[in-house]
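Examination of the molecular architecture
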Amino acid sequence: MIPSAFEYIRPTSVDEALAALTEHGDEAKVLAGGHSLLPMMKLRLASPGVLIDIARIPELSYIRFDEEDGDTIRIGAATRHADLISSTMLGDRAPLLSYVASLVGDRQIRHRGTIGGSLVHADPAADLPTAVLGLGVTLVIAGPSGRREVAVDDFFTGFFESAVGPDELLVEVRVPAAAGSSGWGYEKFTRRANDWAIVAVAAVLHPSGTRVALANMGPTPLRARATEAALAAGSDPAAAAVAAADGTEPTADMHATRDYRRHLARVLTRRALETAASR
């Protein structure tokens, strides 16, 4: 199908983009890579009157290390998946992000899709939301009243919903380098290589304890809290992984039943934890 008619705006700064969002209100949608929004528009599942294209705003595309801010890696929201993969800094300091970005879609998608677009889209089956939940990142959101920081545990608020308001933009992802350079594991089960995960697991060994994030086990990416608690109490990976599906609400669809997803969560969590421990 063909999308309905819309106005196209291409701001050159974050301030211009925020002004356009404020002016057009609910009629506006933000366009970055477009791999989620444009297919929805073609199917008339989304019909925005205004598209605000932020993909070419220079201040939103970067990867840099900030030693003055507690050894933090800062990533602009419009940074493409391909840039995450090719970054030597991420390869050295947060290899989980580079690896997970390499699993997103195919080469064409990775050269257009952005980390911010993936996170704000908040698909519970997506790779990057699961990875950043495991890493314990902080998200920086800009709005009419200034900028605010949101911990990733509070960022995904519902099915395809995030903490970014209708007049706000996600502008930066802050990764604690101490977490990114420690042991990590990522396991993803799919029918085909570039499919959404039927279930995926990110395990990251933090100085303060292990974080385990699950994809497609509920309406948002989830922490496997029972597994984390078991590890903190001294359980080995195999024993802790048994509790991976506790407290989750996976859906049943054409790809998997609820019980099969719970089984996958336990198996993939054990594998991810064992890989993390071996790095």
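These lines cover the structure that appears in this document, whether it is placed above or below.

**Looking at the side chain of Arg261**
In this fold, Arg261 is placed in helix 12 (residues 258-278). Within the structure, the side chain of Arg261 is placed 3.0 Å from the side chain of Asp253, a separation counted as a polar contact. Among all residues touching Arg261, those that are not within four sequence positions of it are Ile198, Val199, Asn216, Met217, Pro250, Thr251, Ala252, Asp253, His255 and Ala256.

**Remarks on the sheet that holds strand 14 (residues 222-223)**
Within the open sheet, the four strands sit side by side as 11-12-13-14. Their pairing is antiparallel. What marks the edges here is a single partner per strand, and that holds for strand 11 (184-189) and strand 14. Inspection of the sheet shows strand 12 (residues 199-206) paired to strand 13 (residues 209-215) by seven bridges, in the antiparallel sense. In the sheet register, His206 faces strand 13, and the bridge partner there is Gly209. Across the sheet, helix 8 (residues 127-135) is in contact with strand 11, strand 12, strand 13 and strand 14; its angle to strand 13 comes to roughly 165 degrees. Packing of helix 12 onto the sheet brings it into contact with strand 11, strand 12 and strand 13, and relative to strand 12 it is tilted by some 30 degrees.

**What to know about the nonpolar core**
Of all hydrophobic cores here, the largest spans 41 residues; its most connected members are Ile75, Leu119, Phe155 and Val175. It is helix 8 that provides the largest number of residues to this core, a total of five residues. Listed in part, the 19 residues of the second largest apolar core include Val212, Leu222, Ala265 and Leu273.

**Focus on the pairing of strand 5 (residues 72-76)**
Most of strand 5 is tucked away, with five of its five residues classed as buried. Neither face of strand 5 is exposed, since Thr72, Arg74 and Gly76 on one face and Ile73 and Ile75 on the opposite face are all buried. Note: strand 4 (residues 63-66) against strand 5, four bridges, orientation antiparallel. Looking across to strand 5, one finds that Phe65 is bridged to Ile73. Pairing geometry for strand 5 and strand 10 (residues 169-176), over five bridges, is antiparallel. When the sheet's bridge partners are listed, Thr72 is paired in strand 10 with Pro176.

**Quick notes on a nonpolar patch on the surface**
Together, Met40, Leu43 and Leu45 make up an exposed nonpolar region whose accessible area comes to about 300 Å². Along the polypeptide, Leu45 turns up in the loop between helix 2 (37-42) and strand 3 (50-53).

Conventions we followed
- Residues numbered from 1 in each chain as written.
- Predicted model: local features only at pLDDT ≥ 70, side-chain atom pairs only at ≥ 80, totals over all residues.
- Heavy atoms only, no water.
- Helix = DSSP H or I, 4+ residues; strand = E, 2+ residues; numbered from the N terminus.
- Polar contact = N/O pair within 3.5 Å; in protein donor to acceptor, adjacent residues only side chain to side chain.
- Contact = heavy atoms within 4.5 Å.
- Pairing = 2+ DSSP bridges.
- Axes fitted to C-alpha atoms, helices over the stretch in contact; angles between N-to-C directions.
- Core = buried A, V, L, I, M, F, W, Y, C linked by side-chain atoms within 4.5 Å.
- Buried < 20%, exposed > 50% of the residue type's maximum accessible area, 1.4 Å probe, protein only.
- Patch = residues over 30% accessible without salt bridge, like charges linked within 9 Å, V, L, I, M, F, W, Y side chains within 5 Å.
- Areas by Shrake-Rupley, 256 points an atom, 1.4 Å probe, with all protein chains shown as cover.
- Salt bridge = Lys/Arg side-chain N within 4 Å of Asp/Glu carboxyl O.

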